[in-house]
Amino acid sequence: MIQWLSRATRIGYALVILLVLATPVLLAWQHYGMTRTLEISPQHPYSAAVTDDRVLPRGNPAPGNSVASLAVTKDAYILRCQMGKAARYPNCAIRFRLGDPAQGIDMSGYDTVTLDVRYMGQGRHVVKLHLLNFEPEFYVPGQWDAQRFNEVLIDIPARSEVTIPLHALRTADWWHFARRIPLSKSYVRLDHVTTVELQADDASAAGHAITVEVRRIEFRGKWIARTTLLGWLMAAWTGCGMLGLSLGLLHFRSGMQASRTRLEQLAAIDRKRKEAAAARETALAEAVALARQRSQFLAQMSHELRTPLNAIIGYAQLLGRDCHDLTERQSAGLATIRESGQHLLTLINDILDLARVEAGKMVLHPGPVHLDTFVQVLANIMRVKAEEKGLAFGCELAPGLPAAVTVDETRLRQVLLNLLGNAVKFTDSGKVSLRVLPAAPPSAPDVARLRFEAADSGIGMNAQQLARIFQPFEQVATAQRREGGTGLGLAISQQLVQLMGGRIAVASAPGKGSTFSFEIDVPVAAAAPAAAAPHDTLVGYEGERKRLLVVDDVPQNRAMLQDLLQATGFVVAAASTGLECLVLLDSFKPDLILMDVMMPVMDGNETTRQIRHMPGWGDVPIIAVTASASPDDERKSRDAGASAFLAKPVDHDLLLRTIGRLLALQWITGQPAPEGGDGAALAVPPADEIEALWQLAQIGNMREIRERAAYLRGLDPAYAPFANRLDTLAQGYHSKQLVAFVARFRNNSEKVLDDRSV
């Protein structure tokens, strides 16, 4: 403490000596130097313009006929004015703009203004000096008097300069009255001067020509006023005196404070120890509460977002089953609804996936996967998207890869679809490719290290963009390329790959494309399940009619499920609450119950538990249907007694097959009309018909193409698949696909004709 006081005392002495030396130096500098100037002249130019009573009214009831002009020489600004007689107040003026139109220049620190001006012509040889000050409270856009007019009338001498103090300026009385300025604000203000103006408005010069030659306007002032400098010095001397007094008091109290500080330090150490223990307990409780709240939020968010989508996508699927009854416009609208609903569902899943990863709720479910089949299915999906943009798509599986591996197929597919989808999205020409390679062999046996690479020849990225691409909601492309995305795909993909034990790396350069790659260790599987064959459309079932009870508190969801199930041949009843479901059991006697989980009063799980305890209803199949589709929600539903669990939006085919499995139904299936397929399996019409279709496809005449398709059906039943494909493409106005379809058979027919000619 004594050393600290000695150091402070030395600092105090140094400050006193510094003040003793600085006081006379500062006073002398303020008197002889410290001068600032603002000069307006051709050598120090500012924006200059002239006005007259034809443009600005200046209180005139009507425009006048004065004519002003401006000439600039290397020595002066020359205002020439033919003063008119038409205006009540004839005038001409030259204006100099200072600084920003709203901020101007602070001239409150200037003391004098010197004018080097020559006046030639009739009249009294007087001008008005105007300093226009911008004040937001009085400013009205578009009005010429919107700024404060500070003015002084100056007699121009014949051959000498004139210097006047700035305190001679007064705010114009006419401006007070015109703007209704209160007396408390009628003082001169020069803190935001935007314009310096010299105005000639002598009525005695009306009808004559005058010339005002402005050689220089100079404002002078001190950087620091003498009174301000003296105030600062006085404050410094006062501070030094107070510092000396304080040092003496501190020296007197230092002994007492030393012992008191030691006691306080010991008490603070003990208090901090107790506070740290309490803080740890509080932080732990808050972390548990936050984790619980986040889980509840995810469940509620999933339910609230998926519930309306269940009706939207469900009805779109229902209408799609009867698309032959729809008009072209209705079919196009239905397709838009389905695509928009699926797009919205994808965005919702992305957001919920990101939230689950950040909350630590994301769990992988590995299973045996046939690697070649997995990659080929993925390549077929992306090849279609690439060809829609006219891009080439390549897929390569390097030698030495295991036949089957154990991996979470859904999450790995999600990552690769995100990477390849971005590659297609940001590539306008060239190629997109997927490569799967064996990486460095891992240390553990029966484990393979795979390297996945998604490469493109697209627009590429610079270093700044590469640093941000894995951040959530970050999109580094232009606004046109951001359409249809949220910026979550790469963030989620990086998190999923990290859960798998890898990390996504990027190599990219502007204009040279990008390559995304990652390596993961996967156990080698002995065998993988065979790929599922495509299902036929379920249109009904054999045997007696089954009775189904739909329980859902949302009317739209109940109506959608009723329409689907009744169209398939079931007898359907509906209940809006769990209590209503319990009442309907004995009267309706359902063979199966579709139970919504999230319902008011009594939720679906509680209703299921009560049904399982009711005599005679313990074995009835119950399918839990919910918009909260997390693994924890499925576990709760199955613990309550659910026979199966389906997430909203409900997949109609999966729902029907689940019902069929639980009720042991024998389904009646219908084969959907072919949408494409291999051209070799179609019976192709003669070459002249193909040529006619080619001509119609070139001009885009969809109506005649559909008529031609109907003609081909009547010509030969074997042409029906070919005609159906034509009709489908023409009905949807898919002109590019239609041209490509006809061109394929046209090329084949030309080849056959060439062979025959030979």
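Residues numbered from 1 in each chain as written. Predicted model: local features only at pLDDT ≥ 70, side-chain atom pairs only at ≥ 80, totals over all residues. Heavy atoms only, no water.

## As for the overall build of the protein
- Counting secondary structure elements, the protein contains 17 helices and 26 strands.
- Going through the 758 residues of the protein one by one, you find that 40% of them count as buried.
- Long-range pairs, those at least 24 residues apart, make up 72% of the contacts in the protein between residues at least 6 apart in sequence.
- In the form shown here, the protein has an accessible surface area of approximately 40700 Å², with 57% of it arising from carbon and sulfur atoms. (Helix = DSSP H or I, 4+ residues; strand = E, 2+ residues; numbered from the N terminus. Buried < 20%, exposed > 50% of the residue type's maximum accessible area, 1.4 Å probe, protein only. Contact = heavy atoms within 4.5 Å. Areas by Shrake-Rupley, 256 points an atom, 1.4 Å probe, with all protein chains shown as cover.)

## Quick word on the pairing of strand E4 (residues 77-82)
- With six bridges joining them, strand E3 (residues 67-72) and E4 adopt antiparallel strand pairing. Each bridged residue has a counterpart across the sheet, and for Ser69 the counterpart in E4 is Arg80.
- The antiparallel hairpin formed by E3 and E4 contains four residues in its connecting segment.
- Pairing between E4 and strand E12 (residues 209-222): six bridges, direction antiparallel. When the sheet's bridge partners are listed, Cys81 is paired in E12 with Ile210. (Pairing = 2+ DSSP bridges.)

## Brief notes about the sheet that holds strand E18 (residues 505-508)
- Strand order in the open sheet made by the five strands is E14-E16-E17-E19-E18, with mixed pairing throughout. The open sheet is flanked by strand E14 (392-397) and E18, the only strands paired with a single partner. Across the sheet, the axes of successive neighbouring strands diverge by a mean angle of 15°, strand direction being ignored.
- Two strands pair when backbone bridges link them, and strand E17 (residues 447-456) and strand E19 (residues 514-523) are joined in this way by nine bridges, in the antiparallel orientation. Note that in E19 the partner of Val447 across the bridge is Pro523. (Axes fitted to C-alpha atoms, helices over the stretch in contact; angles between N-to-C directions.)

## Quick notes on the pattern of salt bridges
- One pass over the full model with this rule turns up 29 salt bridges.
- Across the pair Lys274 and Asp270 runs a salt bridge, and its minimum N-O distance is 3.4 Å. Here the residue Lys274 and the residue Asp270 both occupy positions in helix H3 (residues 226-321), the gap between them amounting to four residues, near one helical turn.
- Judged by relative accessible area, Asp270 falls into the partly exposed class, the value being 32%.
- Salt-bridge contacts for Arg435 lead to Glu396; the nearest nitrogen and oxygen are separated by 3.3 Å. Pair noted here: Arg435 is in strand E16 (residues 431-438) and Glu396 is in strand E14, with a separation of 39 residues, a long-range link.
- The exposure class assigned to Arg435 is partly exposed, which follows from its relative accessible area of 31%. (Salt bridge = Lys/Arg side-chain N within 4 Å of Asp/Glu carboxyl O.)

## Some words on helix H10 (residues 578-588)
- For H10, the set of buried residues is Gly578, Cys581, Leu582, Leu585 and Phe588. For H10, the buried positions fall inside an angular range of 150° around the axis, keeping them on one side. Relative to its buried face, H10 has exposed residues pointing more than 90 degrees away, namely Val583 and Ser587.
- Packing partners of the buried residues in H10 comprise strand E21 (547-551), strand E22 (571-575), strand E23 (592-596) and helix H11 (604-612).
- Within two residues after H10, Lys589 carries a phi angle of roughly 55°, on the positive side. (Arc of directions from axis to C-beta.)

## A word on the sheet that holds strand E8 (residues 148-155)
- Across the sheet, six strands lie side by side as E2-E5-E11-E7-E8-E10; this open sheet has antiparallel pairing. Each edge of the sheet is formed by a strand with only one pairing partner; in this case those strands are strand E2 (47-52) and strand E10 (170-171).
- As paired elements, strand E5 (residues 92-97) and strand E11 (residues 193-200) share six bridges and run antiparallel to each other. Residue pairing for E11: Ala93 is matched across the bridge by Gln199.

## Concerning the side chain of Ser433
- You can see Ser433 is positioned in strand E16.
- Residue class for Ser433 comes out buried when judged on its relative accessible area of 16%.

## Regarding helix H8 (residues 489-499)
- Among the eleven residues that make up H8, eight are buried, leaving the element largely enclosed by the rest of the structure.
- Among the residues of H8, Gly489, Leu490, Ala491, Ile492, Ser493, Gln494, Leu496 and Val497 are the ones counted as buried.
- Taken from the residues just after H8, Gly501 is the one with a positive phi, measuring 100°.

## Observations regarding a nonpolar patch on the surface
- Taken together, Ile11, Leu15 and Leu18 make up a surface patch of nonpolar side chains, about 280 Å² in accessible area.
- Topologically, Ile11 is positioned in helix H1 (residues 2-32).
- With a relative accessible area of 47%, Ile11 lands in the partly exposed category. (Patch = residues over 30% accessible without salt bridge, like charges linked within 9 Å, V, L, I, M, F, W, Y side chains within 5 Å.)

## What to know about the environment of Ala62
- Within the fold, Ala62 resides in the loop between E2 and E3.
- In this structure, the C-alpha to C-alpha distance between Ala62 and Ala87, residues 25 residues apart in sequence, is 7.0 Å.

## Considering the confidence of the model for the protein
- Averaged over all residues, the pLDDT of the protein equals 80, while 80% of them reach at least 70.
- Of all secondary-structure elements in the protein, the lowest mean pLDDT belongs to helix H17 (residues 735-757), at 60, while E5 reaches the highest, 94.
- Residue range residues 479-484 is modelled with pLDDT below 50. Its contacts to residues more than four positions away, or to other chains, number ten contacts.
- Long-range and interchain partners of residues 750-758, a stretch whose pLDDT sits below 50, account for one contact in this model, where long-range means more than four residues apart. (pLDDT = per-residue confidence, 0-100.)

## Details of the environment of Thr515
- Within the element layout of this structure, Thr515 appears in strand E19.
- Judged by its relative accessible area of 27%, Thr515 is partly exposed.
- The contact partners of Thr515, leaving out residues within four places of it in the chain, are Ala454, Ala455, Ala505, Val506 and Ala507.

## Things to note about the packing of aromatic side chains
- Within the structure shown, the criterion is met by eleven aromatic pairs.
- Plain terms: the ring middles of Phe452 and Phe518 are 5.2 Å apart, the flat faces sit at 20° to each other, and that makes the pair stacked. In this pair, Phe452 sits in strand E17 while Phe518 sits in strand E19, placing the two residues 66 residues apart along the sequence.
- Using a relative accessible area of 2% as the deciding quantity, one classes Phe452 as buried.
- The rings of Trp144, Phe149 and Trp174 are connected pair by pair, giving a single aromatic cluster.
- Arg36 extends its terminal NZ or CZ atom over the ring of Tyr110, reaching a point 4.6 Å from the ring centre.
- For Arg148, the ring lying beneath its charged end belongs to Tyr187, and the centroid distance is 5.9 Å. (Phe/Tyr/Trp six-rings, centres within 6.5 Å; stacked < 30°, edge-to-face > 60°. Lys NZ or Arg CZ within 6 Å of the ring centre and 35° of its normal.)

## Considering the packing of H11 against helix H12 (residues 631-640)
- Interhelical geometry of H11 versus H12 gives an angle of 20° and a closest axis separation of 8 Å. As the angle between them shows, H11 and H12 are arranged roughly parallel. Along the contact surface, H11 presents Asn605, Thr608, Arg609 and Arg612, while H12 presents Lys636, Ser637 and Ala640.
- Here the contact of H11 with H12 is composed, by residue class, of one nonpolar, three polar and three charged. (Parallel < 35°, antiparallel > 145°, perpendicular 65-115°, else oblique. Nonpolar A, V, L, I, M, F, W, Y, C, P; charged D, E, K, R; others polar.)

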